[in-house]
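Listed below are the residues making up each chain.
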Amino acid sequence: MNIGIITFSAGNPNGVTYPEAEKIAATAREMGHEANVYASRFFSFFFDEHGTRLAYKEKEFPKIDVAISRVHVHKNTADRMAALRDLEILGIPVVNRFLPNLRAKNKFHTFQLLAAKGLPVIKTAIVASADYLDFALEHIDDFPIVAKAASGIEGKGVAIFESKRSLISGLEMMLQD
């Protein structure tokens, strides 16, 4: 089987390395499969009346039997993950498909879906301004409170606040554009 591991991390511009994706490819090769890592930043897309075509490093994207995605993007997610959608359109099975990845990358959307289905979620308030802090605090039990910046990833942009005073100060910094 020919497996393509599609990675969406920035990699190292001087010597592109994707350790997690390379481990997956090495394991697949040990199992007798052909496997290659493809970095999303090298994809090009072409659309015309005949459909969609995908290129990689200025050549037609090679035929693969299945794609495994390793998504590490947190900004412009839908645009950056467009290669996954194109692979799906081209009929290539994708492990970790476009839409579930897109939904999972949007924490707000994830909370909406879980809560709408009646699944347990941590009490959460999402506010666009510290002006709405008192209203939001009415819906949260008590301190300490964990606050997370919308753009924070992998634990970055997260803080624990022990009082309303420290929360106000912290939110003012988090909400700055």
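Residues numbered from 1 in each chain as written. Predicted model: local features only at pLDDT ≥ 70, side-chain atom pairs only at ≥ 80, totals over all residues. Heavy atoms only, no water.

K.L.:
What should I look at first to understand the packing of aromatic side chains in this one?
P.N.:
Two measures describe an aromatic ring pair: the distance that separates the ring centres and the angle between the ring planes. All chains considered together, the criterion is met by 6 aromatic pairs. Pairing Tyr56 with Phe61 gives two aromatic rings, centres 6.5 Å apart and planes at 75°, and the pair type is edge-to-face. Given a relative accessible area of 9%, Phe61 falls into the buried group. Lys57 extends its terminal NZ or CZ atom over the ring of Phe42, reaching a point 4.7 Å from the ring centre. (Phe/Tyr/Trp six-rings, centres within 6.5 Å; stacked < 30°, edge-to-face > 60°. Buried < 20%, exposed > 50% of the residue type's maximum accessible area, 1.4 Å probe, protein only. Lys NZ or Arg CZ within 6 Å of the ring centre and 35° of its normal.)

K.L.:
Is there a simple way to think about the pairing of strand E3 (residues 43–48) in this case?
P.N.:
One face of the sheet, then the other: side chains in a regular strand alternate in exactly this way. Bridge count for E3 against strand E4 (residues 51–56) is 6 bridges, and the pairing is antiparallel. Looking at the pairing, Phe43 lines up with Tyr56 of E4. Linking two consecutive strands that pair antiparallel, namely E3 and E4, is a turn of 2 residues. (Pairing = 2+ DSSP bridges. Helix = DSSP H or I, 4+ residues; strand = E, 2+ residues; numbered from the N terminus.)

K.L.:
Explain the sheet that holds strand E1 (residues 2–7) to me, please; I cannot follow it from the model alone.
P.N.:
Neighbouring strands of a sheet are bound in pairs by backbone hydrogen bonds; such pairs are parallel or else antiparallel. Sheet architecture is open: 4 strands sit in the order E2-E1-E6-E7, paired in parallel fashion. Here the strands that pair on one side only, and so sit at the sheet edges, are strand E2 (34–39) and strand E7 (94–95). Pairing of E1 with E2 involves 6 bridges; the strand directions are parallel. Paired with Asn2 across the two strands is Glu34, which belongs to E2. Most of the contacts of helix H1 (residues 19–30) go to E2, to which it runs at about 165°, and overall it touches E1, E2 and strand E6 (66–70). (Contact = heavy atoms within 4.5 Å. Axes fitted to C-alpha atoms, helices over the stretch in contact; angles between N-to-C directions.)

K.L.:
Where do I start with helix H3 (residues 82–89) in this structure?
P.N.:
Three- or four-residue spacings in an α-helix give side chains the same orientation, since the helix completes a turn every 3.6 residues. Of all the positions in H3, only Ala83, Leu84, Asp86, Leu87 and Glu88 are classed as buried. With its phi angle positive at about 85°, Gly91 sits one or two positions after the end of H3.

K.L.:
Would you mind going over the pattern of salt bridges with me for this structure?
P.N.:
Two side chains of opposite charge can pair, provided their charged atoms sit close to one another. Within this structure, the stated rule accounts for 3 salt bridges. Here Arg85 and Glu88 are joined by a salt bridge, their closest N and O atoms 3.0 Å apart. Highlighted residues: Arg85 and Glu88, both in helix H3, separated by 3 residues, approximately one helical turn. Residue Arg85 is classed as partly exposed on the basis of its relative accessible area of 36%. Overall, Glu88 belongs to the buried group, its relative accessible area being 13%. Notably, a salt bridge pairs Asp134 with Lys164, separated by 2.3 Å at the nearest N-O pair. You can see Asp134 sitting in helix H6 (residues 133–137) and its partner Lys164 sitting in helix H7 (residues 164–174), a full 30 residues away along the chain. Note on Asp134: relative accessible area 45%, which makes it partly exposed. (Salt bridge = Lys/Arg side-chain N within 4 Å of Asp/Glu carboxyl O.)

K.L.:
Explain the layout of surface pockets to me, please; I cannot follow it from the model alone.
P.N.:
With a probe scaled to a water molecule rolled over the atoms, the places where space remains empty come into view. Considered as a void within the structure, the second largest pocket measures approximately 200 Å³ in volume. Forming the boundary of the second largest pocket are Thr52, Arg53, Leu54, Glu60, Phe61, Pro62, Lys63, Ile64, Leu90 and Ile92. A per-class count over the lining of the second largest pocket returns 6 nonpolar, 1 polar and 3 charged. (1 Å grid on protein atoms, 1.4 Å probe; cavity = no way out; pocket = protein on both sides within 12 Å on 5 of 7 lines; lining within 4 Å. Points joined across faces, edges and corners; volume = space filled by probe spheres on them. Nonpolar A, V, L, I, M, F, W, Y, C, P; charged D, E, K, R; others polar.)

K.L.:
Where do I start with the sheet that holds E4 in this structure?
P.N.:
Sheet architecture is open: 3 strands sit in the order E3-E4-E5, paired in antiparallel fashion. Since the sheet does not close on itself, it has two edges, and those belong to E3 and strand E5 (59–60), each with one partner.

K.L.:
What am I meant to see in the side chain of Glu88 here?
P.N.:
A polar contact of 3.0 Å, which involves the side chain of Glu88, links it to the side chain of Arg85. Ignoring anything within four residues of it in the chain, the contact list for Glu88 reads Val94, Arg97 and Phe98. (Polar contact = N/O pair within 3.5 Å; in protein donor to acceptor, adjacent residues only side chain to side chain.)

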